Amino acid sequence: MDRTLVICKPDAVERGLVGDILSRFERRLLRIVAAELRVIDADTAAQHYAEHVGKPFYDELVTFIGRSPALVAVIEGPEDTWKVVRDMMGATNPRNSAPGTIRGDLGIEMGENLIHGSDSAESAAREIAIFFPGLG
Ligand code: IDP
Ligand code: MG
């Protein structure tokens, strides 16, 4: 089995879209093995988004991800589930996301793109350890 980290970002929680988003994974026969509603503080955001530190959009990103509660979850499925989830998310900019994807169905602005998903097996392991250190 393969696990990946998903974050329904604050915009998704504010808009009441968590159920829609998670139900897509469940209908795809992927399983939720952990989930927590939490406000992501700046330190945790810095760990999670370490690759983006110093980029022009970094401060905006940290403010966005921590502005209200996010639903952080671990999703499990067969091999390369991280990639299945990424494909279901759509392109980073919702304007360019294909219809049928989460961002392509539910978003339009880059700053409010609804969801995070790990971008590799290595990223998934690293990110799951940040948010769910006790998960066996
Ligand atoms: P991803 O979420 O599709 O993996 P990344 O390139 O890893 O995209 O960027 C992480 C997050 O940073 C994006 O989901 C988005 O919220 C934000 N972001 C990325 N590029 C920009 C930008 O150019 N302007 C504003 N926010 C951005
Ligand atoms: Mg990314």
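Values in this document were obtained by computation on a predicted structure and should not be read as measured data.

Novice: If you had to explain the side chain of Thr-4 to someone new, which residues and values would you point to?
Specialist: Within the fold, Thr-4 resides in strand S1 (residues 2-8). Take Thr-4: its relative accessible area is 0%, and that puts it in the buried class. Among the polar contacts listed, one links the side chain of Thr-4 to the side chain of Ser-118, at a separation of 3.4 Å. With near-sequence residues (within four places) excluded, Thr-4 lies in contact with Ala-73, Val-74, Ile-75, Thr-81, Trp-82, Val-85, Ser-118, Ala-124 and Ile-128.

Novice: Before we move on, can you summarise the site of ligand 1 with the specific residues and values?
Specialist: By nearness alone, every residue bordering ligand 1 is listed as Lys-9, Tyr-49, His-52, Phe-57, Leu-61, Arg-86, Thr-92, Arg-103, Met-110 and Asn-113. Contact between ligand 1 and Arg-86: an oxygen atom at 2.8 Å from a side-chain N or O atom of the residue. A distance of 2.5 Å separates an oxygen atom of ligand 1 from a polar atom in the side chain of Thr-92. Look at ligand 1: alone it shows 530 Å² of surface, and the protein chains cover 78% of it. Here the residues of the shell around ligand 1 are counted per class, giving four nonpolar, three polar and three charged.

Novice: Summarise unusual backbone geometry; cite the residues concerned and give the values.
Specialist: The phi torsion at Asp-80 lies on the positive side, around 60°, for a residue other than glycine. Mapped onto the secondary structure, Asp-80 falls in the loop between strand S3 (70-77) and helix H5 (81-89). Despite not being glycine, Leu-114 has its phi angle at roughly 75°, a positive value. Inspection of the secondary structure assignment puts Leu-114 in the loop between helix H6 (102-106) and strand S4 (115-117). A relative accessible area of 0% places Leu-114 in the buried class.

Novice: Break down helix H2 (residues 18-27) for me, citing the residues and quoting the values.
Specialist: Since the α-helix packs 3.6 residues into each turn, any two residues three or four apart lie on the same face. Burial in H2 covers these residues: Val-18, Ile-21, Leu-22, Arg-24 and Phe-25. Projected onto a plane normal to the axis of H2, the buried residues spread over an arc of 145° and lie on a single side. Leu-29 sits one or two positions beyond H2 and adopts a positive phi of about 70°.

Novice: Report on the sheet that holds S3, specifying residues and quantitative values.
Specialist: Two modes of strand pairing occur in sheets, parallel and antiparallel, and in both the strands are linked by backbone hydrogen bonds. Taken in spatial order, the four strands line up as S2-S3-S1-S4 in an open sheet, and their pairing is antiparallel. Of all the strands in the sheet, just strand S2 (31-38) and S4 have a single pairing partner and so form its edges. Each adjacent strand pair in this sheet contributes to an overall mean axis angle of 20°, direction not counted. As paired elements, S2 and S3 share seven bridges and run antiparallel to each other. Across the sheet, residue Leu-37 finds its bridge partner in S3, namely Leu-71. Across the sheet, helix H7 (residues 121-131) touches S1, S2, S3 and S4, and the angle it forms with S1 is around 60°.

Reading the values: the criteria
- Residues numbered from 1 in each chain as written.
- Chains lettered and ligands numbered in written order.
- Predicted model: local features only at pLDDT ≥ 70, side-chain atom pairs only at ≥ 80, totals over all residues.
- Heavy atoms only, no water.
- Helix = DSSP H or I, 4+ residues; strand = E, 2+ residues; numbered from the N terminus.
- Buried < 20%, exposed > 50% of the residue type's maximum accessible area, 1.4 Å probe, protein only.
- Polar contact = N/O pair within 3.5 Å; in protein donor to acceptor, adjacent residues only side chain to side chain.
- Contact = heavy atoms within 4.5 Å.
- Near = heavy atom within 4 Å.
- Areas by Shrake-Rupley, 256 points an atom, 1.4 Å probe, with all protein chains shown as cover.
- Nonpolar A, V, L, I, M, F, W, Y, C, P; charged D, E, K, R; others polar.
- Arc of directions from axis to C-beta.
- Pairing = 2+ DSSP bridges.
- Axes fitted to C-alpha atoms, helices over the stretch in contact; angles between N-to-C directions.

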